[in-house]
Amino acid sequence: MKRDLLSILDLSAEEISGLIAKAAKMKSELAAGVLPKSLEGKIAGLVFLKPSTRTRISFESAVFRLGGQAIFMTGQDTQISRHEPLSDMARVLDRYIDAIVVRTFAHSDVEELAKYASVPVINALTDRFHPCQVLADLLTVFEKRGSLENLTVAWIGDGNNVANSWMNAARRLGFSLNLACPPGYEPDSELFEHASRETNGKVRLITDPEQAVSNADVLYTDVWASMGQEDEAKVRIQAFQRYQINSRLLSCAPSHAMVLHCLPAHRGEEITAEVIESPRAPVFDQAENRLHLQMALLDWLIGSKEL
Ligand code: CP
Ligand code: NVA
């Protein structure tokens, strides 16, 4: 039976831990020049309706490094631009390729593709979730901190797709997540209620960013206006002024706390140049881990199938 990855909630806690361990192992093997060619003869199709640097290139690189082939498509290249139903697209692509990696706007689009495709569908970002990002971030936290036990993450800024995926991760793994978002920009309320209930209140909304970071091991932020929200950018800049990760906010966090950002970053908005360029913010190690996590994911879903 095929497995999709549309949301972190598609995975059990054991599967998340298994993916992180597998990615860490594949990362050290890659550094030693050992590469399983487990995608030999396999083709992954990437359908991207939004721009991407990290996700696209790390997925293509992951496929190539595992001996497979990748085909990249934008909406404009395909009949999506002329409104071919996604249910048809899914049932055509699955005759040609072994996995579909999709970046789009409506989350229901990836659900529709997954419903009709007989091959795994991987969410490479929707307006609602960005699971591959947060799985790779967990690998980064695991590497830098040595464990995910007794972890507290402070989310500073917009309650967006990445924040939703962090809530889902906390729900599965049971770590603490302090969400500091301006009023009106909190994450999805239903997801929050579930996460808060299932973690006995460890997923919390804390409006004050200083309070949110005071006990955090990780400070995390993302752009104030996500892709598709460009028209709201000016209003958001006003609303988010207190929610910038800068030296003053960082001084309110424990001295061991690291700063993560999924990138791309807007220096001077959600994070200052001083903080993102400092050793406290290993954001390029974080970006690198997209490759390793997605190698593990592809190997699990369409390669060796082992976790
Ligand atoms: N973090 C991330 O998903 O980056 P891209 O938009 O460049 O893929
Ligand atoms: N929240 C951002 C993440 C970019 C990787 C967006 O959706 O644009």
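Cut-offs used in this document
Residues numbered from 1 in each chain as written. Chains lettered and ligands numbered in written order. Predicted model: local features only at pLDDT ≥ 70, side-chain atom pairs only at ≥ 80, totals over all residues. Heavy atoms only, no water. Near = heavy atom within 4 Å. Polar contact = N/O pair within 3.5 Å; in protein donor to acceptor, adjacent residues only side chain to side chain. Areas by Shrake-Rupley, 256 points an atom, 1.4 Å probe, with all protein chains shown as cover. Nonpolar A, V, L, I, M, F, W, Y, C, P; charged D, E, K, R; others polar. Buried < 20%, exposed > 50% of the residue type's maximum accessible area, 1.4 Å probe, protein only. Helix = DSSP H or I, 4+ residues; strand = E, 2+ residues; numbered from the N terminus. Pairing = 2+ DSSP bridges. Right-handed = clockwise from strand over helix to strand, strands pointing away. Axes fitted to C-alpha atoms, helices over the stretch in contact; angles between N-to-C directions. Contact = heavy atoms within 4.5 Å. Core = buried A, V, L, I, M, F, W, Y, C linked by side-chain atoms within 4.5 Å. Disulfide = S-S within 2.5 Å. Expected span 1.5 Å × (residues − 1). Salt bridge = Lys/Arg side-chain N within 4 Å of Asp/Glu carboxyl O.

A.B. asks: Explain the site of ligand 1 to me, please; I cannot follow it from the model alone.
C.D. replies: Around ligand 1, the neighbouring residues are S52, T53, R54, T55, R103, H130, Q133, C262, L263 and R290. Side-chain polar atom of R54 to an oxygen atom of ligand 1: 2.8 Å apart, as the coordinates give it. In the model, a nitrogen atom of ligand 1 is placed 2.9 Å from a nitrogen or oxygen of the C262 main chain. Out of a free accessible area of 250 Å², ligand 1 has 95% covered by protein chains. Tallied by class, residues from the shell around ligand 1 come to two nonpolar, five polar and three charged.

A.B. asks: Whenever I open this one, the pairing of strand β1 (residues 43–48) confuses me. Can you help?
C.D. replies: Looking along a regular strand, one sees side chains alternate from face to face of the sheet. Among the six residues that make up β1, five are buried, leaving the element largely enclosed by the rest of the structure. Pairing of β1 with strand β2 (residues 69–74), which is carried by six bridges, proceeds in the parallel orientation. Across the sheet, F48 pairs through a bridge with T74, a residue of β2. With helix α2 (residues 54–65) bridging β1 and its parallel neighbour β2, the resulting β-α-β unit is right-handed. In terms of strand pairing, β1 meets strand β3 (residues 99–103) through five bridges, oriented parallel. Bridge pairing in β3 links G45 to I100.

A.B. asks: Is there a simple way to think about the sheet that holds β1 in this case?
C.D. replies: Across a sheet, paired strands are connected by hydrogen bonds in the backbone, their directions being either parallel or antiparallel. In space, the four strands of this open sheet follow the order β2-β1-β3-β4, with parallel pairing throughout. The open sheet is flanked by β2 and β4 (121–123), the only strands paired with a single partner. Averaged over all pairs of adjacent strands, the angle between their axes in this sheet comes to 20°, without regard to strand direction. Across three bridges, β3 lies against β4 in parallel orientation. The residue of β4 that forms the bridge with I100 is V121. Contacts from helix α4 (residues 107–116) reach β3 and β4, with the element oriented near 165° to β4.

A.B. asks: What is the right way to look at the nonpolar core in this model?
C.D. replies: One recurring pattern in soluble globular proteins: nonpolar side chains tend to sit buried together. In this structure, L138, W155, W166, L177, L297 and L298 are the most contacted members of the largest nonpolar core, which totals 62 residues. No other element matches the nine residues that helix α12 (residues 283–302) contributes to this core. Ignoring anything within four residues of it in the chain, the contact list for W166 reads V134, D137, L138, V153, W155, F175, L177 and Y220. Grouped together as the second largest cluster of nonpolar side chains are 26 residues, Y185, I245, L263 and A281 included.

A.B. asks: Explain the site of ligand 2 here, please?
C.D. replies: Neighbouring ligand 2 are the residues L125, N160, N161, D222, V223, S226, M227 and L263. S226 places a polar side-chain atom, nitrogen or oxygen, 2.7 Å from a nitrogen atom of ligand 2. Considered on its own, ligand 2 offers 270 Å² of accessible surface; in the complex 94% of this is hidden by protein. Looking at the shell around ligand 2, its residues break down into four nonpolar, three polar and one charged.

A.B. asks: Help me understand the state of the cysteines in this model?
C.D. replies: A covalent bond between the sulfur atoms of two cysteines is referred to as a disulfide. Scanning the entire structure with this criterion turns up zero disulfides. Of the cysteine sulfurs around C181, a residue in no disulfide, the closest is that of C262, at 14 Å. No disulfide involves C252; its nearest neighbouring cysteine sulfur is the one of C181, lying 17 Å away.

A.B. asks: Explain the sheet that holds strand β9 (residues 258–261) to me, please; I cannot follow it from the model alone.
C.D. replies: Strands sit in the order β7-β6-β5-β8-β9 across an open sheet of five strands; the sheet is parallel. Two strands lie at the open edges of the sheet, namely β7 (203–205) and β9, each paired on one side alone. Within this sheet the neighbouring strands show an average axis-to-axis angle of 20°, counted without direction. Relative to β9, strand β8 (residues 218–221) runs parallel, the two being bridged by four bridges. Looking across to β9, one finds that V218 is bridged to M258. Most of the contacts of helix α7 (residues 189–198) go to β7, to which it runs at about 130°, and overall it touches β6 (176–180) and β7. Along the sheet, α12 makes contact with β8 and β9, crossing β9 at roughly 50°.

A.B. asks: Teacher, can you tell me more about helix α5 (residues 131–145) here?
C.D. replies: Turn by turn, an α-helix covers 3.6 residues, leaving residues three or four places apart pointing in a common direction. Counted at 1.5 Å a residue, the expected span for α5 with its 15 residues is 21 Å, and the 21 Å between its end C-alpha atoms agrees. Residues of α5 that are buried: P131, C132, Q133, V134, L135, A136, D137, L138, L139, T140 and V141. Of the residues trailing α5, G146 is marked for its positive phi of about 90°.

A.B. asks: What's the story with α12 in this structure? I'm lost.
C.D. replies: If you check α12, its first and last C-alpha atoms are 29 Å apart, about what 20 residues at 1.5 Å a residue would give, namely 28 Å. Across the 20 residues of α12, 17 count as buried, placing the element largely inside the fold.

A.B. asks: I'm lost on the pattern of salt bridges in this one. Help?
C.D. replies: Pairing of side chains with opposite charge becomes possible as their charged atoms draw close. The full count for this structure, using the stated rule, is 18 salt bridges. We note a salt bridge from D208 to R242, for which the minimum N-O separation is 3.2 Å. With D208 in the loop between β7 and α8 (209–213) and R242 in the loop between α9 (233–239) and α10 (247–250), the pair connects residues that are 34 residues apart, well separated along the chain. Assessed through its relative accessible area of 28%, D208 is described here as partly exposed.

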